[in-house]
Amino acid sequence: MHISLIALFQLTLVLSAVATEPPDESRPERPTASTRTSDPLKASRVWERKHASHLLRRAGFGGTPEQVLYLKQLGRERAVEYLVNYREIDAELPEPDVSEYEPRRPRDVMSMSEEERKKTFAERRRDDRVLFENVVGWWVDMMVSSPRPLEEKLTLFWHGHLTSGYREVKSAHAMLKQNRLLRHHASGNFRTLLLDITEDPAMVLYLNTQQNRKGMPNENYARELLELFTMGTGNYTEQDIKEAARAFTGYTIDPRTGQVVFRPRLHDDGEKTFLGRTGAHEPADIIDIILEQPATAKFIARKMWRFFAYDDPEDDIIDALAKILRENQYEFKPMLRAMFKSDAFYSKRAMFTQIKSPTELLVGCMRSLEIPAMDTATLNIGLRLMGQSLMQPPNVKGWDGQEAWITASTLFNRYNVLGGVIVGNDNDRARRQRMRMIEARRATTGREGNSADDDEGPRLQPAYDPLPAIRKFKLTNPERIVDHYVDRLLQRPLPRDRKQVLIDAIRPSYITKNPEAAQNVELIRGLVHMIVSMPEYQLE
């Protein structure tokens, strides 16, 4: 028997009401001077299953019971090394469904009438929008299916830090190129990443670097580089921004290739004074001077700790991480290792205290239940409804995160989107709706703006299939079923009275004689939807 949405909502309210007080392990606790050790990044050998699951959630998006067990068996040291050295993991990753870059031909456009030009530009925008949807879908698929979860989590981090948005960039190819750049440098060297992002087409277009010319500087990139990307406010002056902007003059976009090119005649090669250093500074000089500042290492260490561990970190932790970063010439792996191995990373301040972003919520649910990302178009819409449009952050600061993820509407959408993933849309009605959408798209964009759906038919999302779990874990009664999914999804014990609510929800309709009965499968899907709608599931 299917659990109706109304019944699910009522049960969720019951489960939420019972949760009047957070479990002990979710209460943030800031260490006092007397409890803090002399080494803020002290790493003990204590390693339990809850630590392995915490590491997999934060350094990835969570995983299956088998994946958690694998990390548990490795021990803390080897588990962290396994995740950080992700390039040693063989992977056949999906390729994006994107056609070749089509160069702009200004002369062709110039010979057109005004009406023809408008029509041509409108068609190009529609075609590119279809390609962009394919790019975002490809990224979602990467996050759900990649065996290198830290690589994808770091790419998400850098996307929120070194932001660019499609609405301003207006190029699917540029957004794809930037995503690949962020992934390539995700755990690499900060200097190299900054040098490459400076000449990245999406970043150039997003912050108007192509308008930054000798005698007519545009300060957008220089300002954000200092304020949001490297140092933070209070560590430079307005004059430093002006001088840095002069050093970044001369970059523009070649419309024939879509790549960034340097035009010496547009570059200001004069003497500049930046952060107290005078010389004919070039972009690499500006970045090197920034990296010499103590504030830079602390700024990026704090940003990473807040993303992976918790807000308002202790100063001695940030000082220790920044020291590692500087001593290793801004290579990220040593700092990531120290962070993920430290006891502070597994403290009460860290575990189950962060609100999952929409991407973490959706991707984590799919990875935990081994649900493939098939209908990525619908998954993208779900992310937007929950407040996170990938490749379109709200502004150059990225997403605020934490409490900002939860509003009355986004909370309701979080329940509904996960419910849609669990029950799927692979049915005749959804298939007919998708075919009508494809026909409408063909009529408006033509074959140039096609997506994979156009050639292969609609890719619908299959419903979650619990049969493999029923067989593997011998889920033969409501108690075992509830125990399994509470452990698999919440990854912490649930008070007896709240667990009993879940058992009572499925027991009346459960067919004991046939655990694999279709009715039991539907019951389990409803149970899973209830669990992922609980307050505990919103935290990681």
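As the structure is a prediction and not an experimental result, all values here were calculated from the model. Here the residue numbers are simple positions, counted from 1 along each chain's written sequence. Local features in this predicted model are restricted to residues whose pLDDT is 70 or higher, and side-chain atom pairs enter the listing and the counts only when it is 80 or higher, whereas totals over whole chains, interfaces and linings include all residues. The side-chain values count all of the structure's non-hydrogen atoms but skip hydrogen atoms and water molecules.

**Focus: the overall build of the protein**
Strands are runs of DSSP state E lasting at least two residues, helices are runs of H or I lasting at least four, and both sets are numbered from the N terminus onward. A tally of regular secondary structure across the protein gives 25 helices and four strands. Exposure is judged per residue with a 1.4 Å probe applied to protein chains only, and the accessible area is read against the type maximum: over 50% gives exposed, under 20% gives buried, and values in between give partly exposed. By the burial criterion, 54% of the 540 residues in the protein qualify as buried. Two residues form a contact once any of their heavy atoms are found within 4.5 Å. Counted over contacts in the protein with a minimum sequence separation of 6, partners at least 24 positions apart contribute 75%. Approximately 24,700 Å² of the protein is accessible, and the part contributed by carbon and sulfur atoms is 51%. Computed with the Shrake-Rupley method and a 1.4 Å probe, the accessible areas treat only the protein chains shown as cover for residues.

**As for unusual backbone geometry**
Within the chain, Lys170 stands out as a residue other than glycine whose phi angle is a positive 60°. Tracing the sequence through the fold places Lys170 in the loop between helix H7 (166-169) and helix H8 (172-184). Phi at Asn208 takes a positive value of approximately 60°, unusual for a residue other than glycine. Looking at the element boundaries, Asn208 is found in the loop between helix H10 (201-206) and helix H11 (220-230).

**With respect to H8**
One fewer than the residue count of a helix, multiplied by 1.5 Å, yields its expected span. Over its 13 residues, H8 runs 18 Å from end to end, which matches the ideal 18 Å to within 8%, given 1.5 Å per residue. A large share of H8 lies buried, amounting to 10 of its 13 residues. Taken together, the buried positions of H8 are occupied by Ala172, His173, Ala174, Met175, Leu176, Gln178, Asn179, Leu181, Leu182 and Arg183. Buried-residue contacts for H8 involve helix H5 (114-145), helix H6 (149-161), H7, helix H9 (190-198) and H10.

**Describing the nonpolar core**
Core analysis: the largest hydrophobic core is formed by 139 residues, its most contacted members being Leu55, Trp158, Trp305, Phe340 and Tyr485. Examining the composition of this core, we find that 10 residues originate from one element, H5, more than from any other. Excluding anything up to four places from it in sequence, Trp305 contacts Tyr310, Pro313, Ile317, Ile318, Leu321, Met339, Ser342, Ala344 and Phe345. By convention a nonpolar core is built from buried Ala, Val, Leu, Ile, Met, Phe, Trp, Tyr and Cys residues, the set being connected through side-chain atoms within 4.5 Å.

**Some remarks on the packing of aromatic side chains**
Side-chain rings of Phe, Tyr and Trp, where Trp is taken by its six-membered ring, are said to pair if the distance between their centres is within 6.5 Å; with planes under 30 degrees apart they count as stacked, over 60 as edge-to-face, and otherwise as tilted. Under the definition given, this model contains 19 aromatic pairs. A ring pair is formed by Tyr464 and Tyr485, whose centres lie 6.3 Å apart and whose planes are at 85°; its orientation type is edge-to-face. Highlighted residues: Tyr464 in the loop between helix H21 (452-456) and helix H22 (467-472) and Tyr485 in helix H23 (residues 478-490), separated in sequence by 21 residues. Overall, the relative accessible area of 4% leaves Tyr464 in the buried class. An aromatic cluster of at least three residues, connected via ring pairs, comprises Trp47, Phe157, Trp158, Phe190, Phe307, Phe308, Tyr330, Phe332, Phe340, Phe345 and Tyr346.

**Looking at the side chain of Lys341**
With respect to the element layout, Lys341 can be found in helix H16 (residues 332-341). When sequence neighbours within four positions are dropped, the list of residues in contact with Lys341 reads Lys42, Ala43, Arg76, Glu77, Val80, Glu81 and Tyr346.

**Points about empty space enclosed by the protein**
Buriedness of a pocket was judged along seven lines, with at least five required to meet protein on both sides within 12 Å; pockets are open sets of points on a 1 Å grid over the protein atoms alone, cavities are sets where a 1.4 Å probe fits but cannot get out, and lining residues have an atom within 4 Å of a point. Grid points are joined across faces, edges and corners, and a volume is the space filled by probe spheres set on the points. Throughout the structure, instances matching the rule amount to four cavities of 30 Å³ or more. Volume-wise, the largest cavity comes out at about 100 Å³. Surrounding the largest cavity, 13 residues form its lining, Arg57, Phe61, Gly62, Lys356 and Gly364 being those nearest its centre. Element by element, the count of residues in the lining of the largest cavity is highest for helix H17 (residues 358-369), at three residues. A breakdown of the residues in the lining of the largest cavity according to their chemical character gives three nonpolar, five polar and five charged. Its boundaries defined by the atoms lining it, the second largest cavity holds a volume of some 50 Å³. In terms of lining, the second largest cavity is formed by Arg49, Ser53, Gly63, Thr64, Pro65, Val68, Asp487, Arg488 and Gln491. Of all the secondary structure elements, the ones that give two or more residues to the lining of the second largest cavity are helix H2 (49-58), helix H3 (65-84) and H23. Residue polarity is assigned by list, with Asp, Glu, Lys and Arg as charged and Ala, Val, Leu, Ile, Met, Phe, Trp, Tyr, Cys and Pro as nonpolar; anything else, Gly included, falls into the polar class. Of the residues in the lining of the second largest cavity, the class split is two nonpolar, four polar and three charged.

**A closer look at the side chain of Glu151**
With respect to the secondary-structure elements, Glu151 resides in helix H6. Classification of Glu151 as buried rests on a relative accessible area of 4%. If we ignore the near neighbours within four places in the chain, the residues touching Glu151 are Tyr86, Arg87, Arg183 and Ala186.

**Focus: the pattern of salt bridges**
A side-chain nitrogen of Lys or Arg and a carboxyl oxygen of Asp or Glu constitute a salt bridge if their distance falls within 4 Å. With the rule as written, the count across this model stands at 35 salt bridges. A salt bridge links Glu243 to Arg246; the nearest nitrogen and oxygen atoms lie 3.1 Å apart. With Glu243 and Arg246 both in helix H12 (residues 238-247) and three residues apart, this pair spans about one turn of that helix. There is no split in this pair, since Glu243 and Arg246 are both buried. As a salt-bridge pair, Arg525 and Glu522 come within 2.7 Å of each other at their nearest N and O atoms. Here Arg525 and its partner Glu522 are both found in helix H25 (residues 518-532), three residues apart, which amounts to about one turn of the helix.

**Quick notes on H2**
Among the 10 residues of H2, eight are classified as buried, and the element is accordingly described as predominantly covered. Inspection of H2 places His51, Ala52, Ser53, His54, Leu55, Leu56, Arg57 and Arg58 among the buried residues, and these make up the whole buried set. Buried residues along H2 sit in contact with H3, H6, helix H14 (294-308) and H16.

**Overview of the layout of surface pockets**
Approximately 820 Å³ is the volume attributed to the second largest pocket. In terms of lining residues, the second largest pocket is bounded by 27 residues, among which Lys303, Arg306, Phe307, Trp399 and Asp400 are the most central. Going through the elements one at a time, H6, H11 and H14 are the ones with two or more residues in the lining of the second largest pocket. A per-element tally of the lining of the second largest pocket places H14 first, with five residues. A breakdown of the residues in the lining of the second largest pocket according to their chemical character gives nine nonpolar, 10 polar and eight charged.

**Let's talk about the packing of H23 against helix H24 (residues 496-506)**
Note on definitions: angles span 0 to 180 degrees between N-to-C directions of axes, and those axes are lines fitted to C-alpha atoms, for helices only across the stretch in contact. With their axes 9 Å apart at the nearest point, H23 and H24 run at an angle of 130° to one another. With respect to H24, the element H23 is oriented oblique. In this structure, H23 meets H24 at a crossing whose hand is right-handed. Between H23, through Pro478, Glu479, Ile481, Val482, Asp483 and Val486, and H24, the contact on the second element is made entirely by Lys499, Leu502, Ile503 and Ile506. When describing relative orientation, an angle under 35 degrees is termed roughly parallel and one over 145 degrees roughly antiparallel, while 65 to 115 degrees is termed roughly perpendicular and anything else oblique. Each helix crossing is assigned a hand: it is left-handed if the near helix lies turned anticlockwise from the far helix by less than a right angle, otherwise right-handed if that turn is clockwise.

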